[in-house]
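Single-letter residue listing:
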Amino acid sequence: MASKKSVSSLKEGDLKGKKVFVRADLNVPLDDSFKITDDTRIRAAVPTIKYLMSNGARVILSSHLGRPKGVTPKYSLKPLVPRLSELLGIEVKMADDCVGPEVENLVAGISDGGVLLLENVRFYKEEEKNDPEFAKKLASLADLYVNDAFGTAHRAHASTEGVAKYLKPAVAGYLMQKMASKKSVSSLKEGDLKGKKVFVRADLNVPLDDSFKITDDTRIRAAVPTIKYLMSNGARVILSSHLGRPKGVTPKYSLKPLVPRLSELLGIEVKMADDCVGPEVENLVAGISDGGVLLLENVRFYKEEEKNDPEFAKKLASLADLYVNDAFGTAHRAHASTEGVAKYLKPAVAGYLMQKELDYLVGAELDYLVGAVSSPNKPFAAIVGGAKVSSKIGVIESLLEKVNIIVLGGGMIFTFYKAQGYKVGSSLVEEDKLDLATSLLEKAKSKGVSLLLPSDVVIADKFAADANSKVVPAKEISDGWMGLDIGPDSIKSFSETLDTTKTIIWNGPMGVFEMEKFAAGTEAIAKKLAELSGKGVTTIIGGGDSVAAVEKVGLADKMSHISTGGGASLELLEGKTLPGVLALNEA
Ligand SMILES: Nc1ncnc2c1ncn2[C@@H]1O[C@H](COP(=O)(O)OP(=O)(O)OP(=O)(O)O)[C@@H](O)[C@H]1O
Ligand SMILES: O=C(O)[C@H](O)COP(=O)(O)O
């Protein structure tokens, strides 16, 4: 992994007298009289601009505002000038356009340390089309590029993505780094922790087999460093997690089977509560000794958890003195125990795992941004499979803006086949995503992204380890049969495609790898990625079951990064900020 490049790596020698194109997200809310009703985004952009100013750069500041169709005075950036000038302590100049001769004249007049704000870049339809000629025009104004528009980072527009191809270096601003700059549990010392009740949200959503045996303990092991740190500093740990997606209290999704392994890894007897709020839990919390750990029952037994219900978040918060979020795998969910609770407990800090994941993955994101210019890490492929079709199919749309190749497997593929009119038997299908699947296929084509679907599949006559199975062309699944793995031809063609890449992110197994008969596709892809890692390809595996699959074949330590988050790592890659991270205090 190339080192991440941030604006802070550029010094006075790189910046003095240089024209720097800064894309910020200044899309702030305005009232009917064009008064800014919330200036958060302007304030957020200040550190990068000030840094550039103080190093003698000439700042050309660009943003969009709203979603104008053509030049629309209502969406002018003019009302922002006074507040920007005030925050930056200089008189910010404003251009009436964002390209063209008049703008070029104004750019020529910027003094060292000065700032020129360009008019709304979306007044040109070429912006959203990521038109190369328009991107070149923007780029021609400047010497280098800083992207600080995290809120717009998931859009491949001319000023957010296209322009980076024509300006070097292209680096990330401070806001883009913000996701990785949260206060960490390591900043809390014995004096802050001894005797304190600490609410630790972990992602202990591990795979269990039919007899409730843990089949992969990666996520439990990953949570240990934070808990041990708290224990060794005399804290009283209240440990919380979800498991699966229960609707109400469902014994099958109890966290009880985790207690022995947790106790073993922590070297103490972990206590367990039958609930996660209420008087009985309060009693048990009162009984935790310094360095002790109480595991709360599955927080998703309450529907209020996923609704991020404030009253429920308050109840959780009332158990503790401070909050540590170490649940990276669930950080993309704004739930009561991952986001809401942070409002009521101070400090609210990131655990070691959260920190480690963000350092790697947000770093990867920033690298990608740099890669858009010098392309060291391209071709870039995403492999998406697994069973959470409805929550991940949407991610593919954003991935189309980021990657060169998308490989689909697992339960994800049948919605695409059905959308194309093929018979899929009783395979997993999201009926309400058929139109989306069709539009994704078209979009991929128009963007020149290769979207690969398996050409053959292993089908079964029931969802069971002892099912009858056979390999058939993907388009010929008979009624009564279901696709449970990719077939040998697909393994071959996927492998050949992956051979051409430099970066691969994989989330979601290729088949039902928990059953031997349907494990070949997943195992072959795991082996391929391990082999490619050895050849210098960056390989990132994310997700509870995906990591379990790679562990099962003993290849986890061959990969560049094993992430405990599946959906979470994909959303980061999309350029989204994670609510569970943003809710935490700044370092
Ligand atoms: N063709 C298929 N039909 C049904 N289930 C499948 C199929 N292929 C794979 N699966 C199942 O998908 C599950 C994993 O999917 P999932 O999307 O949860 O991935 P993950 O790696 O756990 O990511 P996350 O951490 O986001 O949950 C496995 O249990 C596997 O058996
Ligand atoms: O397995 C995961 O990706 C996390 O535990 C989050 O689970 P969820 O997709 O059910 O929110």
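Further up the page is the structure itself.
In this numbering scheme, every chain counts its residues from 1 along its sequence in written order. All chains are assigned letters beginning at A, and all ligands numbers beginning at 1, according to the order in which they are written. For this predicted model, a pLDDT threshold of at least 70 governs which residues receive local features, and a threshold of 80 or more governs which side-chain atom pairs are given and counted, while totals over whole chains, interfaces and linings are taken from all residues. The side-chain figures draw on all heavy atoms in the structure; neither hydrogens nor water molecules are used.

**Some words on helix α13 (residues 310–317)**
To keep it simple, the criterion reads: Burial here depends on accessible area, computed with a 1.4 Å probe over protein chains only, as a share of the maximum for the residue type. Under 20% is buried, over 50% is exposed, and the range in between is partly exposed. A run of DSSP states H or I qualifies as a helix once it reaches four residues; a run of E qualifies as a strand once it reaches two. Both are numbered from the N-terminal end. Directions are taken from the helix axis to each C-beta atom, and the arc is the one they span. Residues are treated as being in contact if the distance between any of their heavy atoms lies within 4.5 Å.
Every buried residue of α13 is listed here: Phe312, Ala313, Leu316 and Ala317. The buried residues of α13 all sit within an arc of 140 degrees when viewed along its axis, so they share a single face. Check the buried side of α13 and you find it contacts β7 (197–201) and α12 (303–307).

**Description of the pairing of β7**
Walk down a regular strand and you will see the side chains alternate between the two sheet faces. Let me state the cut-off plainly: Pairing between strands is defined by DSSP: at least two bridges between the two strands are required. When the strands point away from the viewer and the path from the first strand over the helix to the second turns clockwise, the crossover is right-handed.
Among the five residues that make up β7, four are buried, leaving the element largely enclosed by the rest of the structure. Across five bridges, the pairing between β7 and strand β8 (residues 236–240) is parallel. Across the sheet, residue Lys197 finds its bridge partner in β8, namely Arg236. Crossover handedness for the path β7 to helix α9 (residues 218–232) to β8: right-handed. Pairing geometry for β7 and strand β11 (residues 322–325), over four bridges, is parallel.

**Thoughts on the nonpolar core**
Here is the rule: For the purposes of this section, nonpolar cores are sets of buried Ala, Val, Leu, Ile, Met, Phe, Trp, Tyr and Cys residues that join through side-chain atoms within 4.5 Å. Domains are outlined according to an automatic or database domain assignment.
Ranked by internal contacts, the top residues of the largest apolar core, which has 68 residues, are Leu296, Leu316, Leu399, Ile406 and Leu408. The element best represented in this core is helix α15 (residues 389–399), accounting for five residues. Here this core spans two domains, since at least three of its residues come from each of domain 2 (185–359) and domain 3 (363–554). Formed by 33 residues, the second largest nonpolar core is a distinct cluster that contains Ala223, Ile227, Leu266 and Leu322.

**Let's talk about the site of ligand 1**
Quick note on the threshold: For this purpose, a residue is taken to be near a molecule or strand whenever a single non-hydrogen atom of the residue falls within 4 Å of it. Counted as a polar contact is a pair of N or O atoms within 3.5 Å, where, for protein atoms, one must be capable of donating a hydrogen and the other of accepting one, and residues adjacent in sequence contribute only when both atoms are in side chains. Accessible surface area values rest on a Shrake-Rupley calculation with a 1.4 Å probe, where residue burial reflects the displayed protein chains alone.
In the vicinity of ligand 1 lie 22 residues, with Lys388, Lys392, Glu514, Asp545 and Ser546 positioned nearest. Ala387 places a polar main-chain atom, nitrogen or oxygen, 3.0 Å from an oxygen atom of ligand 1. Asp545 places a main-chain nitrogen or oxygen 2.8 Å from an oxygen atom of ligand 1. Burial of ligand 1 by the protein amounts to 89% of the accessible area it has alone, namely 650 Å².

**Here we look at the packing of helix α2 (residues 40–54) against helix α3 (residues 81–88)**
Helices that pack against each other are described as a pair by the angle of their axes relative to one another and the distance between those axes. As a reminder of what qualifies: Here the axes come from fitting lines to C-alpha atoms, over the contacting stretch only for helices, and the angles between their N-to-C directions go from 0 to 180 degrees. Any angle that is under 35 degrees is reported as roughly parallel, and any over 145 degrees as roughly antiparallel; angles of 65 to 115 degrees are reported as roughly perpendicular and all others as oblique. Should the near helix be turned anticlockwise from the far one by less than a right angle, the crossing is termed left-handed; should it be turned clockwise, right-handed. Under the convention adopted here, Pro, Cys and the residues Ala, Val, Leu, Ile, Met, Phe, Trp and Tyr are nonpolar, Asp, Glu, Lys and Arg are charged, and Gly plus all remaining residues are polar.
At their nearest, the axes of α2 and α3 sit 10 Å apart, and the two run at 55 degrees to each other. Here α2 is positioned oblique relative to α3, judged by the angle of their axes. Between α2 and α3 the crossing geometry is right-handed. Contacts from Ile42, Arg43, Val46, Ile49, Lys50 and Met53 in α2 reach Arg83, Leu84, Leu87 and Leu88 in α3. Tallied by class, the residues present in the contact of α2 with α3 amount to seven nonpolar, no polar and three charged.

**What about the site of ligand 2?**
Around ligand 2 sit Asp203, Asn205, Arg219, His242, Arg245, Arg300, Gly329, Arg333 and Lys388, and those are all the residues in its vicinity. When ligand 2 is considered free in solution it has 310 Å² of accessible area, and contact with the protein chains removes 94% of it. Considered class by class, the residues forming the shell around ligand 2 number no nonpolar, three polar and six charged.

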